[in-house]
Each structure stands twice: as structure tokens, then as C-alpha cells.
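Per-entry structural report
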2 protein chains.
Amino acid sequence: MELDSRKATILDAIIQTYMETGEPVGSRTISKYTDLHLSSATIRNEMSDLEELGLIVQPHTSAGRIPTDKGYRFYVNRLQEKQKKEEETAQQEQAVNSLMIARTSRMEELLKKVVQYLAANTQYTTMISAPSYKRNKVKFIQLSKLNPRQLLNVVVIDGNIVKNHIIDLKDDITDEQVLKLNLLLNTRLNGLSLADINLGLISNIKEEAGEHSSIVNEVLDTIADVIRAETDENMEIYTSGANNIFKYPELADGQKASRLISTLETKDSLKELVKDTEEQEANGSDGIQVYIGDENSDDSMKDCSVVTASYDLGEGLQGTIGIIGPKRMDYERVMENLKTMKASLNEAFKKQPAIPDHKKEREVVPDIE
Amino acid sequence: MELDSRKATILDAIIQTYMETGEPVGSRTISKYTDLHLSSATIRNEMSDLEELGLIVQPHTSAGRIPTDKGYRFYVNRLQEKQKKEEETAQQEQAVNSLMIARTSRMEELLKKVVQYLAANTQYTTMISAPSYKRNKVKFIQLSKLNPRQLLNVVVIDGNIVKNHIIDLKDDITDEQVLKLNLLLNTRLNGLSLADINLGLISNIKEEAGEHSSIVNEVLDTIADVIRAETDENMEIYTSGANNIFKYPELADGQKASRLISTLETKDSLKELVKDTEEQEANGSDGIQVYIGDENSDDSMKDCSVVTASYDLGEGLQGTIGIIGPKRMDYERVMENLKTMKASLNEAFKKQPAIPDHKKEREVVPDIE
DNA sequence: TGTTAGCACTCAGATATATAGAGTGCTAAC
DNA sequence: GTTAGCACTCTATATATCTGAGTGCTAACA
């Protein structure tokens, strides 16, 4: 079965109505709500189809329909496409934000203000990760032959953080080849950060490495590992509006609320979210990530949706903003809010010289390709 | 009516049973529970008396009794007296704490660990205020005559924080007298902190001020105000175990829980608690403060009890630990926990030279009296 | 005078039953 | 393809009934 435009309209109508009420939506409601001018009976037929497609369900036989995770996903995807085309501005909002940002001197306070503002504005729970350096640089790489089929790989990054890792080989390797690889990797990678090591550079190195290109992959993985671990370890996260979850009956139930609050307090899962968002961002997503229901890794958030966006203060300083609400959250508004805030932050720090206490030793990055 | 020892025993039994169950306690339960060997009928008579004294109430006609705020207060007061006499040690617990403290280098992390430990240990919600200097010093005091019946009082403390305040006089004052007062106040108070200005010093100054001793009072109030305000403004508070409130049905109700969470997040009321605790401490209390139900200023905590203790890292660095739970919390255990933790903190920082980044410019305090 | 057994009474909470209404699926007609 | 009509389902709400924990009071007892 296909999802024609009329079905999509009906799905939208169901989701939007459900967003407001939180109650199952019946066919008669849709019949009146939309400008499709169809009778409730027709809507019922369409709804039956939408149910078959797995986009909506009935909580029980004689109830209206509510969207499934898949339904929300559909809705959000279309929303994102729409927004990409529109590229809307939201000027005046951004002005407010900029003002707030300008008035705040300490980074920590700014972050707290940002989450508070967003929580008040959206009526959901919000989080923000303090910007951390995504530009820890590779200092030194060493491959040592343990035996003809095994290499020990040692990677050292800024601050003398060391990670080592054993690489198993399919074929024997000679001392000379190891020497060549060491030279290659060090000349090409030393002084570079995660962001600097792009696909062009990688394929270039692999080409030079010839038959041992798979070793390059393993070395790169180790580099990614250690830099990630280093930056994630000390990640600071601020949250706000935890009490907002009580505004949504589907989350306010004691058991669920307790676990959610606990998750917000522990922050481990939030760190995961931040990590994931930044990874997605690195992989070329447009910057707004949406996790719906079961798409969240943490059990306590299976009834929630999380929308995240990472912001960039330049010079490799990067963090993530997130909004946590019920699955029936107002995705459109939330996404707009995040986009605006992201833009405001990026903007504000383009003018001001980034963070007060940050040393500006911007290095010239070798431009390959 | 008097509260004889038997009534007190019964009250204790009711409170302790209610602590465990959270349900109204009936006469038969008490009859079996205590070693008084009295029939339920007798207990009923006694309970009736306790109710008349306002120490317990029935939620409804045919229910058992639950303690009132006054009942808890009674219980807690007797507990404190008992503990004062006993002066128990709790050695092994303290050893655990000391270990934890020794292992932690950064103050912020230590505080977080402390609240987490306490929350896990007590199953209540916990808070801690970061130690702040109670030793901001008076830099300069100036009294200027606006007219014969009004003085302008300006107080400057470390960091050039200024507070001014108009003092109304009952009688006229001469320029000469103002000059003398200025000299007196500056010579005696400059360079002193709140802690340094003790009752001996105060009475001494008043004596010298003679007929204008009331002005001294007002000046001292202003000094206290500005130093307090300065230190409170930047007070950092960490909380933990917010989700524990869901363990107690009387707090877990949506409305109440939401407001409590909000209070914990905003932290303003917690700051009030810290302030109040430290004031009480300054006034010579033994160090453990208990706020029961309505005794809390914040509405969201009217169903809670809060137990606080301030700790002292030496050199004027002081902070407060607090435990927030239902009114039927296990006061005895909580108070012991706080005492132990307080002792551990005080102890640990007596050995180590206080806080890493703290400049040690201990000044010789003029010793009057 | 304090203690206790006995009994009628109260009331919250659990359980069972009836009712209303929102909403569906299906059929037959347009 | 659309719609009106109708039987059917199931939740939520209201209502009545029952149960038991617990009380207060009285009268008898030590």
C-alpha cells in the first residue's frame, strides 16, 4: 500500500491533534478538523489503512488512534525536508537570544541561562553540554613489530594521553615496511585533530600505504577512540525544567518519572546522546537530530522523544543542546527553537573572541586534496 | 495535662512504626509492639490524651493515629538531648568517608561524591553547599551627617563591595561626635570578618560609643548584611537523589513532586536553608538543624523535613549539608549520618592544607577582651 | 484509681454492577 | 470512491454493597 498525499494529511492531522490533547483521536474529529471535507466514515477507512501501515494504533478496540514511533518518525522526516527547503529566518527571536548571550560573561552561567530559557520557552526538559575541545591533536604515533604478524600501535595525543592497541595482520610484515608506515603516519597525521582528518586525507594516506592500508584504518580507529574518550570523560552537562515532565500525564506516572529524573541526574545517558549527536554531525547531517521513543538507548526515555543540535563556537569548541519531552512533543517548534539557539550561539561567538580564557593558538592546517 | 514517661514511650512507638509503614498506627499495634504490656484499650486512652496534646491526629474517624509536626518536634528534641549526652563515635563509618575524601582531588567532585554517598545511604534527597568564605573583611566604614538627625552609613568590604544605609537618630548629633564614632568604628572593625566580630568586641565598642551605642548596632547590621549578601550571591549548591522522593507516597503525588523537583532545581530555597543553618550555627547551636513540615519557609517543602549541618574547612571556609525527606524520615539515622560526614570533612581538611587554590593569608586578629 | 473486655459505631477502600458515550467496522446505497 | 446507518466494543464514570480496621464508651475488675 502506498502513502498518498491524502493519507499523509490525515496522519498530520492525527499527530497534531494528539499533540494538543494527549488523547486518542477519533475519525469524527479529523473529519471536522481538516479541510478535506470528508465524512468520518471515509476517514475511518483511511485510518484503517494508516494502521495497517504501522503509523498509528488503537490503544483499545473502541478508541481513537494514536501515532506510533514510526508515525512520528514519518512526520518528523517530512518536517525536516520542509524546513530544509524553507530555510526560515526567525530573526527577532535570535535577537533576544543574542542579547541574553551578550549580557553573560561566564560560560557556565550562559549555559545555565540557555537551558532555562529553552525550558521556559518550550515547556519541556532541556539539557546542554559544555563546549569541549574536539581538537585534541595527535602528537605521536608509533607502530612496533611484536612478531611478523602483530604490531603494537601507540597513539599519544595532547596532554600526553596514551592509548595502545595490538593489530593482527593477515600477512607477514618486514621491519622496513613498519618503518615506512611509521614515517608516513607521523608526517601526515601529527598535529591534526579529529576534524582535520577528513576523508580526502584518509584515502590519500591509504593510497600511499599500499598493501597495508588496513593498518591505517586500525590506527585511525585508535586515534578516534582516544580523542573521543578524552573529550567525553570530562563532559559537563546542565539540565533544566525537569519538573516539566509532570505536565505530560504519559510521563508523570511515579515509576516513569522517578527513572527519568534519575537519568537526568546521573547524566550518563545524556552524555551518550551528546556523543551520538556529535558523531552524526561529523558524518554530515544537517545538525538537528531526533530520537523518538524506542530510538533512545536508555530505557527510561522510551516514552520520550529527544531533539538535539550541536553548536560550534569555532576553534574546535563544540557542544550539544537537547530537548527532552513526550513523544507527542511539538517537534516543529522545538526544532525551530534549537535552530535559533544554535545560530545565536554560533553567531555570538563569531564576533566575540570565543571563550574568555581560551588560548588562541590556531594552527595552519595542511590542506590536502 | 502532662506528658509522662509512658505517654512519651507510646509517642515514640507511634512515630517509629509510622516511619516504617507510612500508614496510620492503631492501638492494637502499639499494644503488641511495646514492652509496656498494656491492652489496646489502655493505649487508646493514652492516645486520646496524646491527641488532646496535639502530638498526634487521626486522618479520619476510624483510622489509627499519625504524628503531627508538633509530635515530630517533640521526638526530635528528645533525640537531640539523648545524642548530646551519648556523644557517640561511629568510627568505622568515618573511616569510609575519610577514604573517599582523600581520594578526591577537586573540591567540586568531592561535593558531588558526598551528596551521592549520602543519598544512597539514607534513601533521601540530599544537598550540599560549596564552602564559601565567611571571612570577607571590613575595609572601610564611613558615617556622614546628612542633618542633625540623620547619618549616612557607608560600608566597604573586600572586593570593594559597597553598601549604604541611612540611620535615623532620636537625638541631635554633633560633627565632633560623628568624627569620634568614625574613628572608633574604623580602628576597631577594619580588617575583621564576621567571625571575628564577637560579642566581647561588640560590647566593648558600644561601651566606648557611650550614648550613641545604638548607632553601632545599626552599623553592625549593615556589615552583616553586605558580607552575607556577598557570600550568598555566588553560593553553589549540589543536590542528589531527587528521585528518592518517589519512594515516599506522601511526596510522590504529581503536583507535590513537581514542585519539589522545581525547588531542588532552582535552589533558591535551598540557599535560604543554608543561610539559616549557618546563622543558627553562628548563634551557638550544636550544629544540627531540623526543620519539620511547616517550619520550612518554602511551600513545596511543607510535607518534608529537612535536616542540615554546616561543616567547616578552617580559615573561614564554611558550607552546609542537608537531607530532605518525608516528615516521617528516620531522624536518628539522618542526624548520625550528617554528624559523621561533618566530622569527616572537618577532619580531612584539618590535615590537608584546606583547599588547593586557596591563598593562605591568615591575618593576626586583634584579641580584645 | 487504673486497667481491661466487650460491643456498637464509623468510615475508607475494595469489589461488584449498571450506565453512558465515544468510537469502530461493516454493509448497503448513492 | 464516498457516505449514512447500525450493531458492536470497550473504557470511564457513577452507584451500590461489603469488609475490616480502628475507635469511643461503658461496665466490670484488681
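Thresholds applied
- Residues numbered from 1 in each chain as written.
- Chains lettered and ligands numbered in written order.
- Predicted model: local features only at pLDDT ≥ 70, side-chain atom pairs only at ≥ 80, totals over all residues.
- Heavy atoms only, no water.
- Near = heavy atom within 4 Å.
- Polar contact = N/O pair within 3.5 Å; in protein donor to acceptor, adjacent residues only side chain to side chain.
- Helix = DSSP H or I, 4+ residues; strand = E, 2+ residues; numbered from the N terminus.
- Nonpolar A, V, L, I, M, F, W, Y, C, P; charged D, E, K, R; others polar.
- Expected span 1.5 Å × (residues − 1).
- Buried < 20%, exposed > 50% of the residue type's maximum accessible area, 1.4 Å probe, protein only.
- Salt bridge = Lys/Arg side-chain N within 4 Å of Asp/Glu carboxyl O.

Okay, the protein's contact with DNA strand D next. Close contacts around DNA strand D come from 21 residues, with R6, T42, T61 and S62 of chain A together with S27 of chain B the closest. Considering DNA strand D, the proportion of its atoms within 4 Å of the protein that are sugar or phosphate atoms stands at 75%. One of the side-chain N or O atoms of R44 of chain A is found 3.2 Å from a base oxygen in DNA strand D. At 3.1 Å, a side-chain N or O of R65 of chain B approaches a phosphate oxygen of DNA strand D. Secondary-structure elements contributing two or more residues to the surface near DNA strand D are α3 (40-52) of chain A together with α3 (40-52) of chain B. Here the surface near DNA strand D is built from residues that sort into four nonpolar, 13 polar and four charged.

Here the focus is the protein's contact with DNA strand C. The full set close to DNA strand C counts 21 residues, and S27 of chain A together with R6, S39, T42 and S62 of chain B are the nearest of them. Within 4 Å of the protein, the contacting atoms of DNA strand C are drawn from sugar and phosphate to the extent of 75%. One nitrogen or oxygen atom from the side chain of T42 of chain B is found 2.7 Å from a phosphate oxygen belonging to DNA strand C. Where the surface near DNA strand C is concerned, the elements lending two or more residues are α3 of chain A together with α3 of chain B. Here the surface near DNA strand C is built from residues that sort into four nonpolar, 13 polar and four charged.

What follows concerns helix α11 (residues 254-266) of chain A. Residues and elements named next belong to chain A. Helix length check: α11, at 13 residues, gives a terminal C-alpha distance of 18 Å against a target of 18 Å (1.5 Å per residue), a fit within 8%. Turning to α11, its buried residues are A257, S258, L260, I261, T263 and L264. At the C-terminal side of α11, K267 shows a positive phi close to 75°.

When the charged atoms of two side chains lie near each other, side chains of opposite charge can form a pair. All chains considered together, the criterion is met by 34 salt bridges over all chains. The partner of E108 of chain A in a salt bridge is K112 of chain A, and the shortest N-O contact between them spans 3.2 Å. Pair noted here: E108 of chain A and K112 of chain A are both in helix α6 (residues 107-122), with a separation of four residues, about one helical turn. Residue E108 of chain A is classed as partly exposed on the basis of its relative accessible area of 24%. Taking the relative accessible area as the measure of exposure, K112 of chain A reaches 29% and is therefore partly exposed. Close ionic contact of R73 of chain B with E295 of chain B constitutes a salt bridge, the shortest N to O distance being 2.6 Å. With a gap of 222 residues between them, R73 of chain B in helix α4 (residues 69-86) and E295 of chain B in the loop between β9 (288-292) and β10 (304-314) connect regions that are remote in the sequence. Salt bridges here are not isolated pairs; linked through shared partners, they connect D4, R6, K7, E46 and D49 of chain A.

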